[in-house]
Amino acid sequence: DTGVSQDPRHKITKRGQNVTFRCDPISEHNRLYWYRQTLGQGPEFLTYFQNEAQLEKSRLLSDRFSAERPKGSFSTLEIQRTEQGDSAMYLCASSPTGTGGTAFFGQGTRLTVV
Amino acid sequence: DQQVKQNSPSLSVQEGRISILNCDYTNSMFDYFLWYKKYPAEGPTFLISISSIKDKNEDGRFTVFLNKSAKHLSLHIVPSQPGDSAVYFCAASPQGGSEKLVFGKGMKLTVNP
């Protein structure tokens, strides 16, 4: 296992289209996080899974966003009816429980909505 | 409201000298503080962390200092190397629950040969 893997690395989509991103965490990590990073800002928390259960969602996660983690392994983040404001880097991270927030990040998916 | 603040957007130092990166926070409920390093086109990489019950943690060339009364932490890199040039993020994790990270805006460190 070489770390957290995200696919695709880049995605360009037209406004109004749906997009889906995938994250494969480090296999023994039961926690999985999605963050979003825009230019000049630090990553912002979107949502968190403990195994397959989605336990927390940020107010940033509008109803156009949905995330799943079936069977507690990989996770998907879907954005419906994309808007230009959704353009950002979407980062996935994983960690074992109880490490004080020490999370390992993937390389991210850069979304551009045109 | 910005709970974790990195007020200096950039820092430039000479190779071999000390780099000091500062971070302030406002939320007393933060339990852990972390530093991440980010190179262009890559995700953040964990560097070092400190628990709120400690005031110093050292790992090789990297030392993090925590001043809880001032709600301030700093990262010292000694000696600085050109490969340390990157964007550094200060982050904090609240007690219990998800341990989600709250990040500052980052600071770009440039180490000149």
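What you are looking at is a predicted structure, and each value in this text was computed from that prediction instead of being measured.

*Asks:* How do you make sense of the side chain of serine 49 of chain B when you look at a structure like this?
*Replies:* Mapped onto the secondary structure, serine 49 of chain B falls in strand 5 (residues 45–51). Not counting residues up to four positions away in its chain, the partners in contact with serine 49 of chain B are Thr102 of chain A together with Phe33, Leu34, Asn57 and Val64 of chain B.

*Asks:* In this structure, what is going on with the interface of chain A and chain B? I would like to understand it.
*Replies:* The parts lose accessible area when they come together, and the size of an interface is often stated as this lost area. Taken residue by residue, the interface counts 22 residues in chain A and 20 residues in chain B. Between chain A and chain B lies a buried interface of about 1700 Å² when both sides are counted; carbon and sulfur atoms form 53% of it. Where chain A packs against chain B, one counts 2 salt bridges. One salt bridge connects glutamate 99 of chain B with arginine 31 of chain A, and the closest N-O pair in it is separated by 3.1 Å. The interface formed by chain A and chain B holds 5 residue pairs in polar contact (both at pLDDT 80 or more) in total. At the level of elements, strand 4 (31–37) and strand 5 (44–50) of chain A are the ones that each hand at least two residues to the side of chain A that touches chain B. At 4 residues, the largest contribution of residues to the side of chain A that touches chain B is made by strand 4 of chain A. The residue inventory of the side of chain A that touches chain B, partitioned by class, reads 8 nonpolar, 11 polar and 3 charged.

*Asks:* How do you make sense of the nonpolar core when you look at a structure like this?
*Replies:* Note that soluble globular proteins tend to have their nonpolar side chains buried in a common cluster. Core analysis: the largest hydrophobic core is formed by 25 residues, its most contacted members being Phe33, Trp35, Leu73, Leu75 and Tyr88 of chain B. Breaking this core down by element, the ones donating at least two residues are strand 3 (19–25), strand 4 (30–38), strand 5, strand 7 (62–67), strand 8 (72–77), strand 9 (86–94) and strand 11 (107–112) of chain B. Looking at this core, the element that brings in the most residues is strand 9 of chain B, giving 4 residues. Listed in part, the 19 residues of the second largest apolar core include Cys23, Ile26, Leu32 and Trp34 of chain A.

The rules we used
- Residues numbered from 1 in each chain as written.
- Chains lettered and ligands numbered in written order.
- Predicted model: local features only at pLDDT ≥ 70, side-chain atom pairs only at ≥ 80, totals over all residues.
- Heavy atoms only, no water.
- Helix = DSSP H or I, 4+ residues; strand = E, 2+ residues; numbered from the N terminus.
- Contact = heavy atoms within 4.5 Å.
- Buried area = accessible area lost by both parts, 1.4 Å probe.
- Salt bridge = Lys/Arg side-chain N within 4 Å of Asp/Glu carboxyl O.
- Polar contact = N/O pair within 3.5 Å; in protein donor to acceptor, adjacent residues only side chain to side chain.
- Nonpolar A, V, L, I, M, F, W, Y, C, P; charged D, E, K, R; others polar.
- Core = buried A, V, L, I, M, F, W, Y, C linked by side-chain atoms within 4.5 Å.
- Buried < 20%, exposed > 50% of the residue type's maximum accessible area, 1.4 Å probe, protein only.

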